[in-house]
Amino acid sequence: MSNKYQDRIDAFMESMKAKGAHEEEFLQAVEEVAETIIPFIAENPKYEEHNILERIVEPERTIIFRVPWTDDEGKARVNRGYRVEFNSAIGPYKGGLRFHPSVNLSILKFLGFEQIFKNSLTTLPMGGGKGGSDFDPKGKSDNEVMRFCQSFMTELSKHIGPNTDVPAGDIGVGGREIGYMFGQYKRIRNEFTGVLTGKGQNWGGSLIRPEATGYGAIYFVQNMLERIGDNIRGKSVIISGSGNVAQFAIEKILQLGGKVLSVSDSSGYVFAPEGIHSEHLDYIKELKNVKRGRISELGDAYPDMKFFEGERSWNVPTSADIAVPCATQNELNGEDAKKLVEKGVKIVGEGANMPSTPEAIEVFEQNKILFAPGKAANAGGVATSGLEMSQNSLRLSWSREEVDDRLKTIMADIHDQCVKFGRDEHGHVDYIKGANLAGFVKVADAMIDQGIV
Ligand code: NDP
């Protein structure tokens, strides 16, 4: 960040706070972008002339709706549903749906805003959006989840479509939920289209989509290592989370010869001194995707592992080379970052969206840790969703190898763009700056071309 522009950054953030001081996560995401974009805009006045920064932080449309549903006791329940259609300059709105009790407008605006830059980086024609609900699928029966998803889609179906807005999964929304929502959309609209991604393999889904975010994050980390003449083989990796992104990040690390030291969920983390092997990974997938159990059960099942209740993976009692946070926003703070530096971590690749707080990022920057922000490192998921949309339009499906090759190429392209825009005169790469500038330019130029809309 250039101090020369600090006054302008502060003034811009003051104007944002005046509009919504309580939207903390959204302001955090905007500030991270403003710190790199404002100096860039100052040197490229056409973006200032068109007031692009002020326009890009305002969602094109925000939809908020009631989601009534009936529980297994026959009682009427209600949740709040959202869709933030943030920016459609380079393609239909695209971004996941999150079902978690913490969901609110601030969280969805931060996720939708990040999605604009991420989707632009993939080089595919996708705008940015995000949605979800404060509904908690945990502890609900399949029938309750189905009734909720049907009610949610009854309203959402009025606002989405294959050329308008194409949602996907996120926290709390996996294959089961996408299936129920797709079924309801098809019933209401009487059309079988690629309106959601992350679909089942037999009804329009893409091979590799479930794996894509985790695999892509590790391809990105591998690209970072290769640039400095190294690779993942033999490296020890701290992972947080145990959901979709974490599971496939672990799978790819194992395939590339790395050692995984930890997994976690919101109740604590499991330390695996000898590493998590493929047998353990199968156990985690069954536990989380089928039984929907807690990660402590992994510690109970394998005596050489230990569960630490209420703690995060950053406390592992050993040295490590790489950290890949794959759970949720702001799960890694400044103190955690210092612990990682002390353990010898040299690379951090964000599998989750905005898992590192600004204080953590500052610690990484001060210690010259190579740090890849989520909008670059976890873009493989939405990129493969883009590939799912292409296959749906063409009415064909590509092989596993073909999709995986395309994913690898896209992650390498994103890495190259980050290096191009983020490298300083000493060869150090600021991946935040690189991702923000590369993502911004394409969207901003499209906004200028399309006029004031
Ligand atoms: P899942 O729901 O499959 O898994 C989420 C994991 O994170 C679980 O282990 C969950 O634990 C943990 N977690 C969630 N909320 C919290 C919390 N408040 N505190 C501690 N742990 C928490 O989600 P995904 O794996 O799909 O998503 C993980 C992250 O990756 C999110 O930030 C998401 O936005 C991001 N992402 C996901 C993509 C995808 O394709 N799925 C694409 C790009 C980014 P518990 O079970 O206890 O809640």
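Not measured: the values here are computed from a predicted model.

Definitions and cut-offs
Residues numbered from 1 in each chain as written. Predicted model: local features only at pLDDT ≥ 70, side-chain atom pairs only at ≥ 80, totals over all residues. Heavy atoms only, no water. Helix = DSSP H or I, 4+ residues; strand = E, 2+ residues; numbered from the N terminus. Buried < 20%, exposed > 50% of the residue type's maximum accessible area, 1.4 Å probe, protein only. Contact = heavy atoms within 4.5 Å. Areas by Shrake-Rupley, 256 points an atom, 1.4 Å probe, with all protein chains shown as cover. Axes fitted to C-alpha atoms, helices over the stretch in contact; angles between N-to-C directions. Parallel < 35°, antiparallel > 145°, perpendicular 65-115°, else oblique. Nonpolar A, V, L, I, M, F, W, Y, C, P; charged D, E, K, R; others polar. Pairing = 2+ DSSP bridges. Near = heavy atom within 4 Å. Polar contact = N/O pair within 3.5 Å; in protein donor to acceptor, adjacent residues only side chain to side chain. Right-handed = clockwise from strand over helix to strand, strands pointing away. Core = buried A, V, L, I, M, F, W, Y, C linked by side-chain atoms within 4.5 Å. Expected span 1.5 Å × (residues − 1). Phe/Tyr/Trp six-rings, centres within 6.5 Å; stacked < 30°, edge-to-face > 60°. Lys NZ or Arg CZ within 6 Å of the ring centre and 35° of its normal.

Draft legend 1. Examining the overall build of the chain more closely. Scanning the chain from N- to C-terminus turns up 17 helices and 13 strands. A principal-axis box enclosing the C-alpha atoms of the chain has dimensions of 60 × 55 × 45 Å. Within the span of the chain, comprising 453 residues, buried residues form 57% of the whole. Of the contacts formed within the chain by residues at least 6 apart in sequence, a portion of 72% connects residues at least 24 apart. When the accessible area of the chain is evaluated, it comes to approximately 18400 Å², of which 47% is carbon and sulfur surface.

Draft legend 2. Here's a closer look at the packing of helix H16 (residues 400–422) against helix H17 (residues 431–449). For the pair H16 and H17, the least separation of the axes is 7 Å and the interaxial angle reads 105°. The angle between H16 and H17 places the two elements in the roughly perpendicular class. Of the residues in H17, those in contact with His415, Gln417, Cys418, Val419, Phe421 and Gly422 of H16 are Tyr431, Lys433, Gly434, Ala435, Leu437, Ala438 and Val441. Grouping the amino acids of the contact of H16 with H17 by side-chain chemistry returns 8 nonpolar, 4 polar and 1 charged.

Draft legend 3. Spatial organisation of the packing of helix H5 (residues 105–121) against H17. One way to put it is that H5 packs onto H17 with a least axis distance of 8 Å and a crossing angle of 85°. Classed by the angle they form, the pair H5 and H17 counts as roughly perpendicular. Seen from H5, the contacting residues are Ile116, Phe117, Ser120 and Leu121; seen from H17, they are Ala435, Asn436, Ala438, Gly439, Phe440, Lys442 and Val443. Among the residues making up the contact of H5 with H17, the classes are represented as 7 nonpolar, 3 polar and 1 charged.

Draft legend 4. Broad picture of the sheet that holds strand E7 (residues 259–260). Ordered in space as E7-E6-E11-E12-E13, the 5 strands form an open sheet in which the pairing is parallel. Both edges of this open sheet fall to E7 and strand E13 (370–372), since each of them pairs with a single strand only. Alignment of strand E6 (residues 236–240) against strand E11 (residues 322–325), held across 4 bridges, turns out to be parallel. Bridge pairing links Ile238 to Ala323 in E11.

Draft legend 5. A look at the sheet that holds strand E10 (residues 306–309). Pairing is antiparallel in the open sheet, where 3 strands are placed in the order E8-E9-E10. In this open sheet, the two strands that pair with only one neighbour each are strand E8 (262–265) and E10. Strand-to-strand twist across the sheet, computed as the mean angle between neighbouring axes with direction ignored, equals 20°. Pairing analysis gives 4 bridges linking E8 to strand E9 (residues 268–271), with the strands arranged antiparallel. Bridge pairing in E9 places Ser264 opposite Tyr269.

Draft legend 6. A look at the site of the ligand. Taken together, 26 residues sit near the ligand, with Asp170, Thr213, Ser266, Arg294 and Asn353 positioned nearest. Between Arg209 and the ligand, the recorded distance is 3.1 Å, taken from a side-chain N or O atom to an oxygen atom. One nitrogen or oxygen atom from the main chain of Val245 is found 3.0 Å from an oxygen atom belonging to the ligand. With the chains in place, 83% of the 890 Å² that the ligand exposes on its own is no longer accessible. Elements that contribute at least two residues to the shell around the ligand include exactly helix H8 (209–227), helix H9 (244–255) and E8.

Draft legend 7. Representation of the pairing of strand E3 (residues 93–99). Where burial is concerned, most of E3 is hidden: 7 out of the 7 residues are buried. Here E3 pairs with strand E5 (residues 165–168) via 4 bridges, running parallel. Bridge pairing links Gly96 to Ala168 in E5. Examined bridge by bridge, E3 and strand E4 (residues 128–133) share 3 bridges and lie parallel to one another. Bridging across to E4, Leu97 finds its partner in Gly131. Crossover connection from E3 via H5 to parallel E4: handedness right-handed.

Draft legend 8. Fine view of the side chain of Ser313. Within the secondary structure, Ser313 is located in the loop between E10 and E11. A relative accessible area of 1% places Ser313 in the buried class. Beyond its immediate chain neighbours, meaning those up to four positions away, Ser313 contacts Ile238, Ile239, Ser240, Ser262, Val263, Ser264 and Tyr269.

Draft legend 9. Summary view of the nonpolar core. Residues Phe220, Ile239, Val263, Ile276, Leu298, Ile414 and Tyr431 are the most contacted members of the largest nonpolar core, which totals 57 residues. Ile9, Ala29, Val57 and Tyr82 belong to the second largest nonpolar core, which has 42 residues in total.

Draft legend 10. Representation of helix H7 (residues 175–189) in the model. With 15 residues, H7 ought to run about 21 Å at 1.5 Å a step, and its terminal C-alpha atoms sit 21 Å apart, in line with that. Buried residues in H7 make contact with E3, helix H6 (142–156) and E5. Immediately beyond the C-terminal end of H7, within one or two residues, lies Asn190, with a positive phi of roughly 55°.

Draft legend 11. Just the side chain of Arg83, in detail. Checked against the element boundaries, Arg83 lands in strand E2 (residues 76–87). There is a polar contact of 2.7 Å between the side chain of Arg83 and the side chain of Asp165.

Draft legend 12. Spatial organisation of the packing of aromatic side chains. Counted under the stated rule, the structure contains 23 aromatic pairs. With 6.4 Å between their ring centres and 90° between their planes, Phe40 and Phe440 make a pair best called edge-to-face. Taken together, the residues span a long stretch of sequence, with Phe40 in helix H2 (residues 24–43) and Phe440 in helix H17 at a distance of 400 residues. Ring geometry for Phe99 versus Phe148: centroids 5.1 Å apart, planes at 90°, classification edge-to-face. Of this pair, Phe99 sits in strand E3 while Phe148 sits in helix H6, and the two are 49 residues apart along the sequence. Accessibility expressed as a relative area gives 0% for Phe148, which makes it buried. Put simply, the rings of Phe65, Trp69, Phe99, Phe135, Phe148 and Phe152 pair up and form one aromatic cluster. Taking the ring centre of Phe308 as reference, the NZ or CZ of Lys306 above it sits at 4.6 Å. Above the plane of the ring of Trp398 lies Arg406, whose end atom (NZ or CZ) is 3.9 Å from the centre.

Function cannot be read off these values alone, since they describe shape.
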